[in-house]
Structures are given as structure tokens and as C-alpha cells.
Amino acid sequence: MTSVDELMDYAEVIERFDPVLGLEVHVELHTNTKMFCGCANLFGGEPNTHVCPTCLGLPGSLPVVNGKAVESAIRIGLALNCEIAEWCRFARKNYFYPDMPKNFQTSQYDEPIAFNGWLDVTLDDGEVVRVEIERAHMEEDTGKSLHVGGATGRIHGAEHSLLDYNRAGVPLIEIVTKPIAGTGERAPEVARAYVTALRDLLKALDVSDVRMDQGSLRCDANVSLMPKGTTEFGTRTETKNVNSLRSVERAVRFEMTRQAAVLAAGGKVVQETRHFDESTGSTSSGRTKETAEDYRYFPEPDLVPIAPSREWVEELRGTLPELPWERRKRIQQEWSLTDAELRDLVNAGAVDLVAATVDAGATPAEARSWWVAYLTKEANARGVELGELGITPAQIARVVALVNSGELTNKLAREVVTGVLAGEGEPEAVVEARGLKVVSDDSALEKAVDEALAAQPDVAAKIRDGKVAAAGAIVGAVMKATKGQADAKKVRDLIIARCS
Amino acid sequence: MPSISRDEVAHLARLARLAVTDDELDLFAGQLDVILQSVATVGDIATADIPPTSHAVPLTNVFREDVVRPSLGQQQALAGAPAAEDGRFRVPRILGEEA
Ligand SMILES: [Zn+2]
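Quick notes on the rules
- Residues numbered from 1 in each chain as written.
- Chains lettered and ligands numbered in written order.
- Predicted model: local features only at pLDDT ≥ 70, side-chain atom pairs only at ≥ 80, totals over all residues.
- Heavy atoms only, no water.
- Helix = DSSP H or I, 4+ residues; strand = E, 2+ residues; numbered from the N terminus.
- Buried < 20%, exposed > 50% of the residue type's maximum accessible area, 1.4 Å probe, protein only.
- Lys, Arg positive; Asp, Glu negative; His and termini not counted.
- Charge placed at Lys NZ, Arg CZ, Asp CG, Glu CD.
- Rg over C-alpha atoms; globule rule 2.2 N^0.38 Å.
- Donors = N, O, S within 2.8 Å, 3.2 Å for Na, K, Ca; no water.
- Tetrahedral: all angles 85-135°; square planar, octahedral: opposite > 155°, others 65-115°.
- Polar contact = N/O pair within 3.5 Å; in protein donor to acceptor, adjacent residues only side chain to side chain.
- Contact = heavy atoms within 4.5 Å.
- Core = buried A, V, L, I, M, F, W, Y, C linked by side-chain atoms within 4.5 Å.
- Buried area = accessible area lost by both parts, 1.4 Å probe.
- Nonpolar A, V, L, I, M, F, W, Y, C, P; charged D, E, K, R; others polar.
- Pairing = 2+ DSSP bridges.
- Domains from an automatic or database assignment.
- Expected span 1.5 Å × (residues − 1).
- Bend = angle between axes of the 7 residues up to and from the residue.
- Patch = residues over 30% accessible without salt bridge, like charges linked within 9 Å, V, L, I, M, F, W, Y side chains within 5 Å.
- Areas by Shrake-Rupley, 256 points an atom, 1.4 Å probe, with all protein chains shown as cover.
- Salt bridge = Lys/Arg side-chain N within 4 Å of Asp/Glu carboxyl O.

A short note on the overall build of chain A
Within chain A, the secondary structure is distributed over 16 helices and 16 strands. Along the three orthogonal principal directions, the C-alpha set of chain A runs to about 100 × 55 × 50 Å. Per-residue burial for chain A yields a buried fraction of 51% across its 500 residues. The average position of the 57 basic charges and that of the 76 acidic charges among the side chains of chain A differ by 4 Å.

In C-alpha cells:
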């Protein structure tokens, strides 16, 4: 499994092949309890402390559906423009694997609660691609395995495995796209934009934490290629372990170049599960699906069917919040943004942060200049999302207020923000600790000006003679003496006043 | 024509992780065929206007409030486990079936 794959140059891939994508996104709902039992639905925690006879699959236990999870599933379906099933059932997906102690996963098979929808996805340059949704169905998450004894913590070479079932039974919605064809060289970008749009939508619906780093949003990317001019889909691979938005794009692109090289060499793409490696940006072969999975699905006898009345569905439609694309349109109008400005804001992932900063008292322009122009660079440099930088909208709003009141210059404000990012505490504490206040105390400034004039009597004489341009040298000396914490214009005015 | 083949029985046995000998395959294939044929007589009665039954009780939408109830403690959860380590269930290594 360590062979190095041949890759085709991306431009050549596009010349010779059309990629087809299929994206499966699993989203953990952030309900209080699990899907079929009253155990707490919490990330982490001491192993096997959020478990009960039902989610451990002990004999005699019976599941009961979490109504809130069904509500969330319907709301997700509606937001994705899906039809909502009038009647549907859960099904048992039978397999032996220790991540499910029941030896089956309770899922939905041919009767998903939501189906036939679509999501409009905006690419970085503003182009909109409509991604069609095949289905969204309800299921439960599995437990977590820890493989002991393997060199890399992966399953290969492991001596035994340890199981924590805290996550087993957490409500999961699986959202599956129809095949996405015709996007050509933009396929990797479409994949990332789709998952981004879905994440934003789920966040707006407040149904999940949508944290890819914690696994509450997970994406499996199916990729296949068909030679240009043909219409029959090629053999696909399914790449798992794609744990960030950027990885979605990288994984799709890698698979395109790898499969193209296989096909060009006269080989066949093997239908298999592949594993994405974040550090190398490559995928490696996982389980080969030589025997088609045989899960022997059958209707779950322990759960009665779900038949959402049309009244209930319409009631839930009424609870849908302003959705991300509607909000963007409104914000563009309210803040008078050009299309390009809105795009920068959205691409930076800064809409929520800027809006919250505006709510905390900054103007949209001030908030945008911090988040989009300044902090985005900081986030990129650190390789984190804007929201994970470690500074809050409220803190930025306070820095803005300090600038507006004249207590900080723009330059000092950046130093304050740098301090907050470095974990030095609240903006006010950083100002205090680093001694960053603008010297606005007139007597202190006058003293500094007088000292500078006394130190350079020839320059002082020139200024008194009306050669105001000479004041620059004194301004420089004063700024140096106040460690840059004085307002230069004010210093200049003061010098001229002292010399007239 | 039997309603289940010897190969199908072997396949099902593999899926169910049952070690079945060749002799047993012959035996079970025959027995299962009798059982399936008997059950299939139900199909003679069912017509197009009778949908398959998956649930005997005519109930739908049985939901639970999203309210946390006490879980088992870790010790209790692991009490019946053949092996445990670091608060987790310990299982033999898993071969070739990465999920
Ligand atoms: Zn439980």
C-alpha cells in the first residue's frame, strides 16, 4: 500500500477527461440526546460514559426515535429544496464491525426522509453551480476505534483495538448528491464550494456544530473520469478521511490526476475506498470492494414508520431561518457592497464575524477592513480558519472604538490585535501591558516638544523664521521620545505653536 | 428448482461469520429450501392490493422528547466485556475490513 502513484499533469487531465463527482456528507446533529436513546450527545468525554443498554446493543433493549432529530432532518431537507417523504421507515444495515456493538447500524435504505433537492453553490469568482441532491436520510453514528500496536495508529499492523461507544448512536444525517458532471477543471473547486455551502446552511439552521476538525461534518468524495466525448461514467473511487474544506478540493484533484494516469497507461481504475492523507495531499488504497457489500438491509422491526403530516412539514418550513444566500443578498444591500466586495467577504469566510462586529458597534467598513483585509492574512499565515484565530468580533469592535476615540492610532491598534492574537488577553489589557496608549496628555507632549526643540536649537530657529518644513525633524524626535505613541499631526501643530 | 442454492447458503454463512462444513452446506441448503418454500405460500395469498407488512401494529410517529436520561457508568458499561483497557472495550485485531 506504499507504492507511489503515477500522476498526470492537471492540464492534460482536463484535456482528455471529464470528471464526475458524487459527494456524501455526514452531519452529526447537535441534539441533547442520541438518536434512539436518552444518552447525552456530547463530543469527547471519558470513554464509555455516555452509553446505555440501547446504544450498547444489549439484549432486550429497545430504541425510541428522538423527535427533535426527525425535526432537524426535515428542516435540512426543506432547506435543500427536497421533497419530504409522506411515509418512511428505518432499516437495519447489517455488518460485523466492532464500531457498532449491535452488529447493525440503524439507517434508512430505500425510503429516505428527504429526496430530490438541490443546492446552489457559488464559486470563488461568483459563478453559480446547481448541485442536485439525491437524498438526505437519518441514521446513527458509530463508536470510535483506537488501533493499538500499529505503527501509525491505523488499522494495518494493529495488535488489537479499543472501542469507545460515546459516539455510537449520535444522530447523523447523510446527504448524498446526484452525480455532478460537466464542471471540468473546476470540479475540485465545486466540491469544496459545495461542502462550504452545505456547512454554512447547516450552521444557519442551527442543527449541528458542523466542525470538520471534530468530525461533526464529514465528507466522502466519489470521483470518476470519463474520456472526453464519452457519456458513460467511469469506475469511481470513494475517498474518506477528508477532514477540512481545503482537503475536499485537494482530494478530488489528486484522485483526478491519479485515475487519469491509470487510464492513460491502459489500466483500470479499481473500485475501492481510499484514504486521504492530509500531510501528503494524496490518497491511498483502503478496502477494495471486490465483493459488493451485502448489508442485507431490512425494515427495522423495533421502530414504527415515520409519517410526517403535511401540516407538520409546513410548520417546520415556517421555522427556517434566513438562509445564507438570502442573508448575503440583504447584507450586500444594507452595507452597499459591490459584487466583488461581497465575494471577498464570503470567500474570506467572514460574513458572520463582520456582522457580529457590526452588531458590537463597528461600522461595516471598519469591520470589513479588519477581518477581510488584515485578519485573513493572519489566518492564512497560521493556516487556520478566521474564526479560530483567537480574537472575537467584540474585541475587534472595542479596538475600533479605541481608534475612533483617539486613544489608539491605526498602527497601535494593529499591535493591540497582535497582542490579543498572541494570547495576551483583552484589548484593554494589552494596551496596558504593552503601554500602547496614544500620548494625548498635553503637558507630557509639550515637555517632549520643548526638550526636542532645546536639543536642536538650529532647527528651532529655522521654524521660528517661518521655515515650517523644518518641523519634520522635531516631529521625528518627539515620536521617538514617545515611542511612536503620539499623534504626529498633533505634535506638529504643537511644535508650530511653541515656535510662533 | 430449489428456492435457495448451496452457494447462497455459503455466502450467507460467511456474512454471518459461521464456519460451515461442506456436508453442513448440503444439509442446510436442503432444510432452508423447505422452510422458504413453506413461507412462500404466503405469497400465493398476497395480491397486488395487499402491501407487504413490516410492522404488525398500525402506529406511526412514536417519538421521544430530546431530554437526557442517565447513562450507565463506565464500570457498569464495561462489566460484561470479555476484555477492557483504558475505559474502552478491547477487541481482537480487525483484519481487512476497515470501515
Ligand atoms: Zn444510550
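The structure having been displayed, the exposition proceeds.
Concerning the overall build of chain B
Secondary structure summary: chain B contains 3 helices and 3 strands in total. Secondary structure elements of chain B occur, N-terminal to C-terminal, as α-α-β-α-β-β. What you see for chain B is a C-alpha radius of gyration of 22 Å, clearly larger than the 13 Å of a compact globule of 99 residues, by over 25%. Taking the principal axes of the C-alpha coordinates as reference, chain B spans close to 55 × 45 × 25 Å. In chain B, which carries 8 positive and 15 negative side-chain charges, the distance between the mean positions of the two groups comes to 13 Å.

Observations regarding the coordination of the zinc ion
Residue and element names in this part refer to chain A. Summarising the metal site, the zinc ion is bound by the protein donors Cys37 (SG), Cys39 (SG), Cys52 (SG) and Cys55 (SG), whose distances to it range over 2.3 to 2.4 Å. Between the 4 donor atoms coordinating the zinc ion, the angles at the centre fall across 99 to 116°, so the site counts as tetrahedral. Read from N- to C-terminus, the donor residues coordinating the zinc ion fall into the pattern C-x1-C-x12-C-x2-C. The buried category is assigned to Cys37, whose relative accessible area is 5%.

Observations regarding the side chain of Gln105 of chain A
Residue and element names in this part refer to chain A. Within the secondary structure, Gln105 is located in strand β5 (residues 104-107). What makes Gln105 buried here is its relative accessible area of 6%. Side-chain polar atoms of Gln105 contact the backbone oxygen of Glu140, separated by 2.7 Å. When neighbours within four sequence positions are excluded, Gln105 is seen to be in contact with Ala91, Arg92, Lys93, Tyr95, Met100, Glu139, Glu140 and Thr142.

Concerning the nonpolar core
Across soluble globular proteins, nonpolar side chains show a tendency to be buried alongside one another. All names here are of chain A. Ile113, Ile175 and Tyr194 are the most contacted members of the largest nonpolar core, which totals 73 residues. In terms of residue count, the dominant contributor to this core is helix α3 (residues 187-205) (11 residues). What Ile113 contacts, discounting residues up to four positions off in sequence, is Val70, Ala73, Ile74, Glu83, Ile84, Ala85, Cys88, Gln108, Ala136, Met138, Ile306 and Pro308. Judged by nonpolar contacts, the second largest core, of 36 residues, contains Ala355, Trp370, Ile391 and Val399.

Focus: the interface of chain B and chain A
Contacts between chain B and chain A engage 36 residues on the former and 58 residues on the latter. Buried surface at the junction of chain B and chain A, both sides included, amounts to about 4,000 Å², of which 58% is carbon and sulfur. If you look at where chain B meets chain A, you find 24 residue pairs in polar contact (both at pLDDT 80 or more). Put simply, the parts of the chain that give the side of chain B that touches chain A at least two residues each are α1 (6-15), β1 (63-64), α3 (74-78) and β3 (88-92) of chain B. Element by element, the count of residues in the side of chain B that touches chain A is highest for β3 of chain B, at 5 residues. Residue classes in the side of chain B that touches chain A are distributed as 16 nonpolar, 9 polar and 11 charged. Pairing geometry for strand β9 (residues 160-164) of chain A and β3 of chain B, over 4 bridges, is antiparallel.

Brief notes about the domain arrangement of chain A
Each assigned domain of chain A is listed with its residue range as follows: domain 1 (10-314), domain 2 (324-434) and domain 3 (442-498). Measuring from the centre of the C-alpha atoms in domain 2 of chain A to the corresponding centre in domain 3 of chain A gives 34 Å.

Thoughts on the sheet that holds β3 of chain B
Two orientations exist for strands paired in a sheet by backbone hydrogen bonds: parallel and antiparallel. Reading across from one edge, β8(A)-β9(A)-β3(B)-β2(B) is the order of the 4 strands in this open sheet, with antiparallel pairing throughout. With one partner strand each, in any of the chains shown, β8 (144-148) of chain A together with β2 (84-85) of chain B form the two edges of the open sheet. Sheet topology note: the β2 of chain B/β3 of chain B ladder contains 2 bridges and is antiparallel. When the sheet's bridge partners are listed, Ala84 of chain B is paired in β3 of chain B with Phe89 of chain B.

As for helix α9 (residues 364-382) of chain A
All names here are of chain A. An ideal rise of 1.5 Å per residue puts 27 Å on 19 residues; α9 measures up with 25 Å between its terminal C-alpha atoms. Bending of α9 peaks at approximately 45° at the position of Leu375. Taken together, the buried positions of α9 are occupied by Ala367, Arg368, Trp370, Trp371, Tyr374, Leu375, Thr376, Glu378 and Ala379. Close packing links the buried residues of α9 with α7 (339-347), α8 (351-359), α10 (393-404) and α11 (410-421). One or two residues past the end of α9 sits Gly383, with phi positive at roughly 70°.

Notes on the sheet that holds strand β4 (residues 91-94) of chain A
Residue and element names in this part refer to chain A. The 3 strands lie next to each other as β5-β4-β16, forming an open sheet whose pairing is antiparallel. Each having just a single partner strand, β5 and β16 (298-299) make up the two edges of the open sheet. Note: β4 against β5, 4 bridges, orientation antiparallel. Within β5, the residue paired with Ala91 across the bridge is Ser107.

Observations concerning a nonpolar patch on the surface
Taken together, Leu27, Phe28, Leu32, Ile35, Leu36, Val39 and Val42 of chain B make up a surface patch of nonpolar side chains, about 580 Å² in accessible area. Of note, Ile35 of chain B is situated in helix α2 (residues 22-45).

A word on the environment of Thr60 of chain B
As for its position among the elements, Thr60 of chain B is in the loop between α2 and β1. Each residue touching Thr60 of chain B, except ones within four places of it in the same chain, is listed here: Trp87, Val304, Pro305 and Ala307 of chain A.

So, the pattern of salt bridges
Residue and element names in this part refer to chain A. Taken as a whole and judged by the stated rule, the model has 42 salt bridges over all chains. The closest approach of N and O atoms between Arg16 and Glu12, which form a salt bridge, is 2.9 Å. Taken together, the positions of Arg16 and Glu12, both in helix α1 (residues 10-16) and 4 residues apart, correspond to about one turn of that helix. Of the residues examined, Arg16 reaches a relative accessible area of 36% and is grouped as partly exposed. Two residues, Glu415 and Arg434, come together in a salt bridge whose shortest N-O distance is 3.8 Å. Pair noted here: Glu415 is in helix α11 and Arg434 is in helix α12 (residues 427-434), with a separation of 19 residues, a long-range link. Residue Glu415 is classed as partly exposed on the basis of its relative accessible area of 30%. Each of Asp5, Glu255, Arg258, Glu272 and Arg274 takes part in one network of salt bridges that share partners.

Some remarks on the environment of Leu15 of chain B
Turning to its location among the elements, Leu15 of chain B is positioned in helix α1. For Leu15 of chain B, a relative accessible area of 9% puts it in the buried group. For Leu15 of chain B and Leu72 of chain B, which are 57 residues apart along the polypeptide, the C-alpha to C-alpha distance reads 31 Å. For Leu15 of chain B, the residues in contact, after removing those within four places along its chain, are Phe96, Asp294 and Arg296 of chain A.

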